[in-house]
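Each chain, written out:
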Amino acid sequence: MAEGRGELPPQPPLHLSLPPASKRPCLRPAPRGPGPGPGHGFSNSRYRSPESLLDCAAKAVAEKWAFERVEERFERIPEPVQRRIVYWSFPRNEREICMYSSFQCRVAGEEGPAAGAGAPAGSGSTPGGVPSSTTATTGTGGTGDGLPFRRGIRLLETGCVENVLQVGFHLSGTVTEPASPSDPEVTHRVAISFDRCKITSVTCGCGNRDIFYCAHVVALSLYRIRKPEQVKLRLPISETLFQMNRDQLQKLVQYLITAHHTEVLPTAQKLADEILSSNSQINQVHGAPDPTAGASIDDDNCWHLDEDQVREQVKQFLSQGGYYGSGKQLNSMFAKVREMLRMRDSNGARMLTLITEQFMADPRLSLWRQQGTGMTDKCRQLWDELGALWVCVVLNPHCKSEEKSGWLRQLKRWGDMDICPLEDGNYGNSLARPRRTVFTRAMEACDLHWQDSHLQRIISSDFYMSPAYQREGESLLFNPQGLPLWLDHVPTACARVDALRSHGYPREALRLAVAIINTLRLQQQRQMDIYKHQKKELLQRGLTSTTNLEGWVGHPLDPIGCLFVTLTETCRLDDDSAMDTGDSGEPKPPVYHHVPVWGCPDGGESYLALALEVALMGMGQQRLMPEGLYAQDKVCRNEEQIVAKLQEMELDELLVQTLRKQAILLLEGGPFSGLGEVIHRESVPMHTFAKYLFSALLPHDADLAYKLALRAMRLPVLESSAPSGDMGHPHHGISIVPSRYPRWFTLGHLESQQCELASTMLTAAKGDMLRLRTVLEAIQKNIHSSSLIFKLAQDAFKIATPADNPPDITLLNVALELGLQVMRMTLSTLNWRRREMVRWLVTCATEVGLRALVSILQGWYTLFTPTEATSIVAATVMSHTTILRLSLDYPQREELASCARTLALQCAMKDPQNCALSALTLCEKDHIAFETAYQIVIDAASTGMTYSQLFTIARYMEHRGYPLRAFKLASLAMTHLNLAYNQDTHPAINDVLWACALSHSLGKNELAAIIPLVVKSVHCATVLSDILRRCTMTAPGLAGIPGRRNSGKLMSTDKAPLRQLLDATISAYINTTHSRLTHISPRHYGEFIEFLSKARETFLLAQDGHIQFAQFIDNLKQIYKGKKKLMMLVRERFG
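Residues numbered from 1 in each chain as written. Predicted model: local features only at pLDDT ≥ 70, side-chain atom pairs only at ≥ 80, totals over all residues. Heavy atoms only, no water.

## Details of the pattern of salt bridges
Reasoning step 1: Using the criterion set out here, one finds 44 salt bridges in the structure.
Reasoning step 2: A salt bridge links Arg196 to Asp195, with the nearest nitrogen and oxygen atoms 2.8 Å apart.
Reasoning step 3: Among the salt bridges present, the one from Arg623 reaches Glu639, with a minimum N-O distance of 3.3 Å. On the criterion of sequence distance, the pair formed by Arg623 in the loop between helix 21 (607–620) and helix 22 (629–647) and Glu639 in helix 22 is long-range, its members being 16 residues apart. Like Glu639, Arg623 is buried.
Reasoning step 4: Bridged by salt links that share partners, the residues Arg338, Glu385, Asp498, Arg501 and Glu569 form one connected network. (Salt bridge = Lys/Arg side-chain N within 4 Å of Asp/Glu carboxyl O. Helix = DSSP H or I, 4+ residues; strand = E, 2+ residues; numbered from the N terminus. Buried < 20%, exposed > 50% of the residue type's maximum accessible area, 1.4 Å probe, protein only.)

## Details of the pairing of strand 4 (residues 170–177)
Reasoning step 1: Burial analysis of strand 4 places six of its eight residues in the buried class, the great majority of the element.
Reasoning step 2: Of the pairings in the sheet, the one linking strand 3 (residues 161–167) to strand 4 comprises five bridges and is antiparallel in character. Bridge assignment links Leu165 to a residue of strand 4, and that residue is Ser172.
Reasoning step 3: Relative to strand 5 (residues 186–195), strand 4 runs antiparallel, the two sharing eight bridges. From the neighbouring strand, Leu171 faces strand 5, where its bridge partner is Ile192. (Pairing = 2+ DSSP bridges.)

## Section: the side chain of Arg92
Reasoning step 1: Along the chain, Arg92 falls in the loop between helix 3 (79–88) and helix 4 (94–99).
Reasoning step 2: With relative accessibility at 9%, the residue Arg92 sits in the buried group.

## Details of the state of the cysteines
Reasoning step 1: One pass over the full model with this rule turns up zero disulfides.
Reasoning step 2: This cysteine, Cys204, is not joined by any disulfide, and Cys206 carries the nearest cysteine sulfur, 3.4 Å off.
Reasoning step 3: A relative accessible area of 15% places Cys204 in the buried class. (Disulfide = S-S within 2.5 Å.)

## Concerning a nonpolar patch on the surface
Reasoning step 1: Taken together, the side chains of Ile237, Leu241, Leu249 and Leu252 make up a nonpolar region of the molecular surface, amounting to roughly 270 Å² of accessible area.
Reasoning step 2: Contributing elements (two or more residues each) for the nonpolar patch: helix 7 (237–242) and helix 8 (246–259).
Reasoning step 3: Structurally, Leu249 can be placed in helix 8.
Reasoning step 4: Using a relative accessible area of 32% as the deciding quantity, one classes Leu249 as partly exposed. (Patch = residues over 30% accessible without salt bridge, like charges linked within 9 Å, V, L, I, M, F, W, Y side chains within 5 Å. Areas by Shrake-Rupley, 256 points an atom, 1.4 Å probe, with all protein chains shown as cover.)

## What about the sheet that holds strand 4?
Within a beta sheet, neighbouring strands are joined by backbone hydrogen bonds and run either parallel or antiparallel to one another.
Reasoning step 1: Pairing is mixed across the open sheet formed by five strands, whose spatial order is 6-5-4-3-7. Unpaired on one side and paired on the other, strand 6 (198–204) and strand 7 (232–234) mark the two borders of the sheet. Here the average twist between neighbouring strands, direction ignored, is 20 degrees.
Reasoning step 2: Of the strands in this sheet, strand 3 and strand 4 are in contact with helix 5 (residues 148–157), which crosses strand 4 at around 85 degrees. (Axes fitted to C-alpha atoms, helices over the stretch in contact; angles between N-to-C directions. Contact = heavy atoms within 4.5 Å.)

## Things to note about helix 6 (residues 215–226)
Reasoning step 1: Compared with an ideal rise of 1.5 Å per residue, which puts twelve residues at 16 Å, helix 6 spans 16 Å between its outermost C-alpha atoms and is within 8% of the ideal.
Reasoning step 2: Within helix 6, burial applies to Ala215, His216, Val217, Val218, Ala219, Leu220, Ser221, Leu222, Tyr223, Arg224, Ile225 and Arg226. (Expected span 1.5 Å × (residues − 1).)

## Examining unusual backbone geometry
Reasoning step 1: For Asn163, which is not glycine, the phi torsion reads 55 degrees and is therefore positive.
Reasoning step 2: For Asn163, the position within the fold is in strand 3.
Reasoning step 3: For Asn163, a relative accessible area of 59% corresponds to the exposed category.
Reasoning step 4: Phi is positive for Arg196, close to 50 degrees, though the residue is something other than glycine.
Reasoning step 5: Relative to the helices and strands, Arg196 resides in the loop between strand 5 and strand 6.

Here you go:
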C-alpha cells in the first residue's frame, strides 16, 4: 500500500455514515498465507497465558507508529501481524473516553496517563484500570446520570449496542435509544475512525452538536474496549478489494449502488465518467483512497475535538455575563484543559487556544476599556485562571522548541492588543510600572527551561543527596543535611511544580516541591539568625521595613496553593476506585493519611506535615498589601481558600507538632513574619490566619494560641500616630486622594476579620477572668470601629447569658465594658444605630446588676446625650420591668430612683428644650425635685425654649392638676408665637385655642391677661374670630379654682377684655381682605365672598357693627372698582 501516494482530486460528498477520515491511497496487494481468523487472540479466560511476542510488539507499534510508516518500512507484512496492529490501534483506556464525554473525570489513585494503559484485554478489569463492575457510577438515581459517559454505560449494559464491525481503522455499529414516555425508540448509526490509540473522528445519526462525544459514541467505544472478542474484525477494505477479481469487483459495486442508489448513484456515475476519461485528474493519481486504512505519517495524531463547538460554547457562556452557571461551565472547561494536559493530550493546548481566542473576542473588553471600569470579579477570576493555564502549558517539560515559539508568538499577539486585561485588574495607565497583562507571566515562562543538571537530578531521583564529606560550609545546592535545594523565585519554582503535576508527572512534582520546602526552611532559619542581631535596634525604633514586596498569598501563580495541593494529593484516601465523571452535588471532604517522604534520610517526614508547614509559612509571610481593589480582594479570597483547605485536615500528633513549631517560629520571626514583634504599617493583617491558628492550637497549647492571636489583633494601618518608616514599596506613596491612610479597598473586610478573631477569643475565654481581661485590653487597643466593638459586646452578652444556664458574670462585665467604650466613641459622632446601642447598654447593665445601673446613671455625661439619658436610660431604669428583673428591695429602689432624679435635673439644666418634660415626669414622686424641675423650665422659658415645647409642658401641667402653672407656661409660650394673616392651618392654632380655653376656665383675670398676648401674637382673622366666639359662649371661671368667686355671667364684647379681642379681629379681617384682593384670581371669587360673609358675622358682634361693615363694603367698591365682576358679586350678596 506504500505506492502511488499523491494528492486526491476533489470529491463530491458521499452521503454515507462514514466519518470524515484521513483517506490515503492504497495499492499494494495483501499477502497470502494462513493467519488467524477474526476472533483469534481474544481469549477471555480467567487463567490466561502470557501475551505473545506478536501482541507485545503489535501493541507498541499500534500506539506509536502510523500504519503508513509500517507499510513503508516493511515490503511484506503478514496478515496476522496486520490484524494485531489494527486490533491494538483502538483506544484501550476508558478514562480517555470519559475525558471526551464529561466535564470531569478522575480515577482514584491514578497517577499520570500511563496508569493501566497496558492492561490486556479480557482481564478481570477493563483496560485503563477501571473495574468492570460499574454499579458505583451507573445508578439511575446518582448524580451526573445525564452526562454522556454515564448514559453511554447504561446503553451498553442494557444491550442497546448491535451490529458492531471493525474494518481496519474504522468501527461502526448501531445504538438503540430506548423509548421514553415522550419519545419513541430510535436507532442511530455510529461510525468511529481511530489511529494510534486515539479516536480521530466520530459520526452519529443523532446529530449531536457538542464539545463532548454523545452517549451513542461512548456506548460503541466502550463495547469495543470491554467486549473485543464480540467485534467482527476485518482488515482495511482496500486489502479485501485486492483479493477480488474483476467480476467480483463489478458485482460489489453494483450491489452497493443497488443498496444505496439514492445516495450513491450520482457520485458513482461521476466517478465512472472521470475514470473512463483518460485526461481526468483522478487518473493522474496512483492508487485510491481508503478511509479504513488508518492515518498517513503527516497526519496529526490527536483525539477528535470539535473546534467549532468549543468556540461556540465559550462564546455562549461569555455572552451570559457574570451568571453563576456560565462561570461554572467555563471553569469546568478549564478543568478539562488541565485533565488533557495531565493525560499528555495535545488537545489541551489546542482547546486552551480556542478558549483564549473567544475570551479575546469578548465585546465587553473594549467597553470596559473605554469606560475605564474594571470587569466583574467572576470575569476577573476566569482571566486569572486563563493566564495560569498558559504558564502551565508553556512549562511543559517535554514540549518542542517550535511549539513553545509558536505559543510565545500567540501570547505576544494577544498581549499587544489594547483590550487585553492587565494583571492587576485595572485599565488605568501607570507610568511608574511597565504594562503587564494576564499573559505576561506565561511569556516570561517561555524563557524557562528544564535542562539544568541539578534540577534534572532533583526531579528524577528520590535519593539525590550530597555526599557526607561535602556537607560542611555554605552550599547553594544542598542544605546542611545534604538534601537538595532549588533556589529560584518562589512563585516561579512553584509554577514548575504545577507544570509537572499538570502534565502527568506527579512523582517529579513531589520531588521538586520537597526541594522548594527545604529551601524555604533554610531561608527561614537564616532570616531568624539575621533578626537576632537586629532585634534590639528594631524594637527600639518600633518600626521595620519588609523585604517581601511580592506576597505568596494572592499571587497570580498561587504558589502556596500549588505546593499544598501537590503534597496533599498523594496523601488523599478515596472511598472507591470508580471513575468520577462530574456531578452537581457537594464534594465530600477529603480524608488524608500520612505518606512518608520518599528518600528522607530519617524517615520522619510526611508529605501531609510538609503541606501544613508550607501553608503556615506562606500565610505567615509578612508582605505589603498590594495596590488596587482586585489585587487586595484576591489576597483576602486566597487566604480564605487556604484556611478552608487547612480546616479539612484532621490534626494528629505529628501535625500538631508541626503546627506548634511553625507558630513559634512565626512569633519569633521578626520582620520576615507577619506575626513578628514589629511589623510594617502597611503589612497585610494576619487576622484570618490567626483565627485558624488559635482554633487549631487551643486544645493542645492554650498559652501559645492566646499569645499568637493577641499578637495578630493589631491593625497598624489605622493607627493615627503610625511611624513613617521605610515604605519599601515605590508605589504606595502615590495616591490620587491625599490621605494619612493608604488606599486599602478591603479595609472593611479586614476589620470584620479582626472582629471575628476577637469574638473567637472571647468565646474561648469564657469564665477565665485573666484571659478575658487580656482579650478586652487587646480589643480596646486595636479595634477602632464602634460598630464592630458593639458587635463584639453583643456577642459576648449572648454567650454570657445562655437560655438554660445562669449568666457568666465575668463575660457579662466584659460585654458591659465594651458597651461603655462604644458609648464614649459614638457620643459626639453621628451613628444611625445609636439608639439601639443605648437601649442595649441599659439591658446589659441590668443583667450585670444594681451597681452597674447606678454607675451609668452617675456617669451619664460621658456616655449619653441629655436626651438619651432622660428619655431612654433613666426611663428604662425606672420602669416596672427593670425593678422586677432586679428584685430590688425598698432602699435599693430609692437609691436607683434618687440617681435617676439627679440625672434628670442635670439633663434639664444642660438641655431644657429637650429634657424638661422628661425631667418633670421622672421627678413626679419627689416634691422637691419636681419643684426644682419646674423652676428650671420657668428660667429657661424666656430664652432657650420654643413655644411648641412650652405648650407641651403646659398641657402636661394641666394634666397633672396644676392649671395655674399650666396658664403661666402657656402665657410664656404665647410670647414666642407669631401667626400671620394667612396661616390659618398653622400647627400651633390648637395650642392657642387650648391656652385661651384654659384662661377662660380659670376666670376673667386670666382671660384678661392672655388676650393682649393673643392680639399681639395672632394676626389670622379666622383664628381670632374662633377664639372670640368660644369666649362668648360660656361664662368664665368654670374650672372652680378654690378661693375664687364666679359670677356665672356671659362676657360682653363691648367691655374689656373681649372688646380688645373684637377690635383686633375686625382689624385682622380688614387687613386680610385687602391682602387677598391684591392678587386674587377669578377662580377664588366664590371663596372670597364666603370669607366676607364670615367677616360680617364678626362685625355684627359690635354695637355699630352693621354700619362699620357697610362702610367697609363701600370702601371696597370704590378702591377695587376695576374688578367689575367681583364687585358685582359683592353687591349681589351685601348690597
